[in-house]
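These are the residues of each chain, in order.
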Amino acid sequence: MTFSPEAITQAAIDSFAAADNPRLKTIMQSLVKHLHAFAQETNLTEAEWMAGIQFLTATGHKCDDVRQEFILLSDTLGLSMLLVALHDGAQQGATEATVLGPFHTPDAPVLNNGADMTNGAPGEPLYVTGRVVSPDGKAVAHAMVDVWQADAEGLYDVQRGELHNERRARGLIQADKEGQFAFWTVLPEAYPVPTDGPVGQMLVNTGRHPWRPAHIHFMVKAEGYQPLITHIFREGDKYLNSDVVFGVRPSLVGKFQSHASGSAPDGREMKNSYWTLDYSFALQAG
Ligand code: BEZ
Ligand code: FE
């Protein structure tokens, strides 16, 4: 028997040879191959691996019903976005997807098309309009548009304990038969991902900032089409080129336009300045 590093790696790969589930076998053998290559490439010491184990243990301890530190780790290592990009398969003309993030809730208030979802969220008023279409530009009638975002202080409603689960800057709207939808909300601002856990410490230790550029999340669903999970980012945000979770795609940067007081496009009289955004979503056939 030989104990060369290569022999150890081969023995560990071969140990999965009899696995019944072929996909599990492929994943475990590849995991061992790349994990061993990583240790070889970095000449990883036992002390360093022990520090890694302690980091992973702390990551697990930080998780509870509402906090998922492992997903945050996957996000900040770019793995979540890599999987989105690998499986998005964006058909020509279809809107690109990006990460879901941890702040979607299944209970967004159902609102009328054109309604105001602000509900007290701080921020400058923003009127969003758009259309849901197919990649060749035909209307997708009655699509469901699920929207959620951070407010001007960079917080989601679910991060504000004082709201006791009240929803704000979040809503579910059904587009009309032409695929058109509209709503009022507040202008989103950039915000940091949660930094009070081991992932935040990892960002500090490696000289990385924790910020995401300002964005609005959308989940768009319609019968006969693949669900689309994406964001629209604010043009000009200083973090567009360094999103901590690598979620920005140039096609997802929207033009948020500033307006002086006066009549908004839906006729609302605005005493102060406000913003508009128009962005259309093209769904892939499902
Ligand atoms: C978000 O945009 O909500 C988000 C995405 C990934 C990690 C943390 C937050
Ligand atoms: Fe977000």
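Rules used in this analysis
Residues numbered from 1 in each chain as written. Chains lettered and ligands numbered in written order. Predicted model: local features only at pLDDT ≥ 70, side-chain atom pairs only at ≥ 80, totals over all residues. Heavy atoms only, no water. Salt bridge = Lys/Arg side-chain N within 4 Å of Asp/Glu carboxyl O. Buried < 20%, exposed > 50% of the residue type's maximum accessible area, 1.4 Å probe, protein only. Helix = DSSP H or I, 4+ residues; strand = E, 2+ residues; numbered from the N terminus. Expected span 1.5 Å × (residues − 1). Polar contact = N/O pair within 3.5 Å; in protein donor to acceptor, adjacent residues only side chain to side chain. Axes fitted to C-alpha atoms, helices over the stretch in contact; angles between N-to-C directions. Parallel < 35°, antiparallel > 145°, perpendicular 65-115°, else oblique. Contact = heavy atoms within 4.5 Å. Nonpolar A, V, L, I, M, F, W, Y, C, P; charged D, E, K, R; others polar. Near = heavy atom within 4 Å. 1 Å grid on protein atoms, 1.4 Å probe; cavity = no way out; pocket = protein on both sides within 12 Å on 5 of 7 lines; lining within 4 Å. Sits in = over half its atoms within 2 Å of the grid points. Points joined across faces, edges and corners; volume = space filled by probe spheres on them.

A.B. asks: So, the pattern of salt bridges: which residues are in play, and what are the values?
C.D. replies: The final tally for this structure, using the stated rule, is 15 salt bridges. A salt bridge links E69 to R67, with the shortest nitrogen-to-oxygen separation between them at 2.8 Å. With respect to burial, E69 and R67 carry one shared label: buried. The salt bridge involving D88 is made with R249; its shortest N-O contact spans 2.7 Å. Pair noted here: D88 is in helix α5 (residues 79–88) and R249 is in the loop between β9 (228–234) and β10 (253–254), with a separation of 161 residues, a long-range link. Each of the two residues, D88 as well as R249, counts as buried.

A.B. asks: Tell me about helix α2 (residues 22–42), and name the residues and values.
C.D. replies: One turn of an α-helix holds 3.6 residues; hence residues three or four places apart share an orientation. An ideal rise of 1.5 Å per residue puts 30 Å on 21 residues; α2 measures up with 30 Å between its terminal C-alpha atoms. Where α2 begins, the side chain of N21 points an oxygen toward the backbone nitrogen of R23, at a separation of 3.0 Å. At the C-terminal side of α2, N43 shows a positive phi close to 50 degrees.

A.B. asks: Residue-level account of the packing of helix α3 (residues 46–62) against helix α4 (residues 69–76), with values.
C.D. replies: Where α3 meets α4, the axes come as close as 7 Å, and the angle between the chain directions of the two elements is 125 degrees. When the interaxial angle is binned, α3 and α4 end up oblique. Facing α3, whose interface residues are F55, L56, T59, G60 and K62, α4 presents E69, F70 and L73.

A.B. asks: Tell me what's going on with the packing of α3 against helix α6 (residues 198–205), and back it up with residues and numbers.
C.D. replies: Between α3 and α6, the least distance of the axes is 9 Å, while the angle of their chain directions is 135 degrees. Here α3 is positioned oblique relative to α6, judged by the angle of their axes. Within the contact between the two elements, α3 uses F55, A58, T59 and K62 and α6 uses P198, V199 and M202. Per-class residue counts for the contact of α3 with α6 are 5 nonpolar, 1 polar and 1 charged.

A.B. asks: I'd love a proper account of the site of ligand 1, names of residues and values included.
C.D. replies: As a structural note, the neighbourhood of ligand 1 is formed by L72, D75, G101, P102, F103, Y156, Y191, V193, R212, H215, H217 and V245. H215 is positioned such that a nitrogen or oxygen atom in its side chain is 3.1 Å from an oxygen atom of ligand 1. Counting atoms within 2 Å of the grid points, the majority share of ligand 1 lands in the largest cavity. Of all the secondary structure elements, the ones that give two or more residues to the shell around ligand 1 are α4 and β8 (215–221). Considering only residue class, the shell around ligand 1 consists of 7 nonpolar, 3 polar and 2 charged.

A.B. asks: Could you give an account of empty space enclosed by the protein, naming the residues involved and the relevant values?
C.D. replies: A complete count under the given rule lists 1 cavity of 30 Å³ or more for this structure. Roughly 100 Å³ of volume is contained in the largest cavity. Contributing to the lining of the largest cavity are L72, D75, V99, G101, P102, F103, Y191, V193, P194, R212, H217 and V245. Across the lining of the largest cavity, the residue classes tally to 8 nonpolar, 2 polar and 2 charged.

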